[in-house]
Amino acid sequence: MSTGPIHAYLAGHGRDGARRSLADILAFDDARIEGVHDYIQWCFPLAEASRAVPGAPVLGRDEAEAIRADEAAREGLRSALARMRLFYTRTDGWLRPYDHNHLRITRILTAIRLLLGPDEAEAFHAFVTARNAQAGSPINQDSLRYWGSALRDA
């Protein structure tokens, strides 16, 4: 049994604020992944309110513990992570000095570290920093510092 709406969503039997399931989000094409801005808070929840999407869910301690204890929710989170990794593999628009995806990546790293553990967060960090390096390191140093902090401060 889930302890909240984020848990239910990640476990595959809940809906986000727009009535979409996790499966709906995972089926987004890359243009929708890029252009829709209210799913990331559901797929990668944090314990602080989103400044970008008012009214987005906030992850409480009990719900975080329930997600960590539920294999279905952890697998939902891993599926969301795999979809974002695919997006960042297939697209290059985020590989520039400033882009909203840099904030998304900070959120993803923070949520993954909190809910799946440091190994999975470090693996995603290694992936995005390698993509940046392969592109000639266009991403600004502040974003890169935030990504590194997300590995330590979640």
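Residues numbered from 1 in each chain as written. Predicted model: local features only at pLDDT ≥ 70, side-chain atom pairs only at ≥ 80, totals over all residues. Heavy atoms only, no water.

## Quick look at the overall build of the protein
And then number 1: Scanning the protein for helices and strands turns up nine helices and zero strands.
And then number 2: Across the protein, helices and strands are ordered from the amino to the carboxyl terminus as α-α-α-α-α-α-α-α-α.
And then number 3: For the protein, the C-alpha radius of gyration of 15 Å lies close to 15 Å, the compact-globule estimate for 154 residues.
And then number 4: Projected onto the principal axes, the alpha-carbon positions of the protein cover approximately 45 × 30 × 25 Å.
And then number 5: The buried share of the protein, taken over its 154 residues, is 50%.
And then number 6: Taking the contacts inside the protein whose residues are at least 6 apart along the sequence as the reference set, 64% of them involve residues at least 24 apart.
And then number 7: Only carbon and sulfur atoms are counted for the fraction: they give 52% of the accessible area of the protein, which is about 7,700 Å².
And then number 8: A gap of 2 Å separates the mean positions of the 19 positive and 20 negative side-chain charges of the protein. (Helix = DSSP H or I, 4+ residues; strand = E, 2+ residues; numbered from the N terminus. Rg over C-alpha atoms; globule rule 2.2 N^0.38 Å. Buried < 20%, exposed > 50% of the residue type's maximum accessible area, 1.4 Å probe, protein only. Contact = heavy atoms within 4.5 Å. Areas by Shrake-Rupley, 256 points an atom, 1.4 Å probe, with all protein chains shown as cover. Lys, Arg positive; Asp, Glu negative; His and termini not counted. Charge placed at Lys NZ, Arg CZ, Asp CG, Glu CD.)

## A closer look at the packing of aromatic side chains
And then number 1: A complete count under the given rule lists six aromatic pairs for this structure.
And then number 2: Seen from their ring centres, F87 and Y88 are 5.1 Å apart, and the 65° between their planes marks the pair as edge-to-face. For the pair F87 and Y88, one class covers both residues: buried.
And then number 3: With 5.9 Å between their ring centres and 40° between their planes, F124 and F127 make a pair best called tilted. (Phe/Tyr/Trp six-rings, centres within 6.5 Å; stacked < 30°, edge-to-face > 60°.)

## Regarding the nonpolar core
And then number 1: In terms of nonpolar packing, the biggest core is built from 43 residues, with Y39, F44, M84, Y88, I108 and F124 touching the most fellow members.
And then number 2: Within the residue set of this core, elements represented by two or more residues are α1 (5–11), α2 (22–26), α4 (40–43), α5 (61–69), α6 (71–90), α7 (100–115), α8 (118–134) and α9 (141–153).
And then number 3: Broken down by element, the residue count for this core peaks at seven residues, all from α6.
And then number 4: Residues in contact with Y88, not counting those within four places in the same chain, are W94, N101, R104, I105, I108, F124, F127 and R131. (Core = buried A, V, L, I, M, F, W, Y, C linked by side-chain atoms within 4.5 Å.)

## With respect to the pattern of salt bridges
And then number 1: One pass over the structure, following the stated rule, counts 12 salt bridges.
And then number 2: Each member of the salt-bridge network shares a partner with another, and the members are E71, R74, E75, R78 and E120. (Salt bridge = Lys/Arg side-chain N within 4 Å of Asp/Glu carboxyl O.)

## Considering α5
And then number 1: All of the buried residues in α5 are E63, A64, A66 and I67. Here the buried residues of α5 occupy an arc of 160° about the axis, which is enough to place them on one side. The outward face of α5, more than 90 degrees from its buried face, is lined by the exposed residues R61, D62 and A69.
And then number 2: In this structure, the buried side of α5 is in contact with α1, α6 and α7. (Arc of directions from axis to C-beta.)

## A word on α9
And then number 1: For α9, spanning 13 residues, the distance from its first C-alpha to its last is 18 Å, which sits close to the expected 18 Å at 1.5 Å a residue.
And then number 2: The inward-facing, buried residues of α9 abut α7 and α8.
And then number 3: Capping the start of α9, N140 holds a side-chain oxygen 3.0 Å from the backbone nitrogen of D142, two or three residues further along. (Expected span 1.5 Å × (residues − 1). Polar contact = N/O pair within 3.5 Å; in protein donor to acceptor, adjacent residues only side chain to side chain.)

All quantities given are derived from atomic positions and should not be read as evidence of function.
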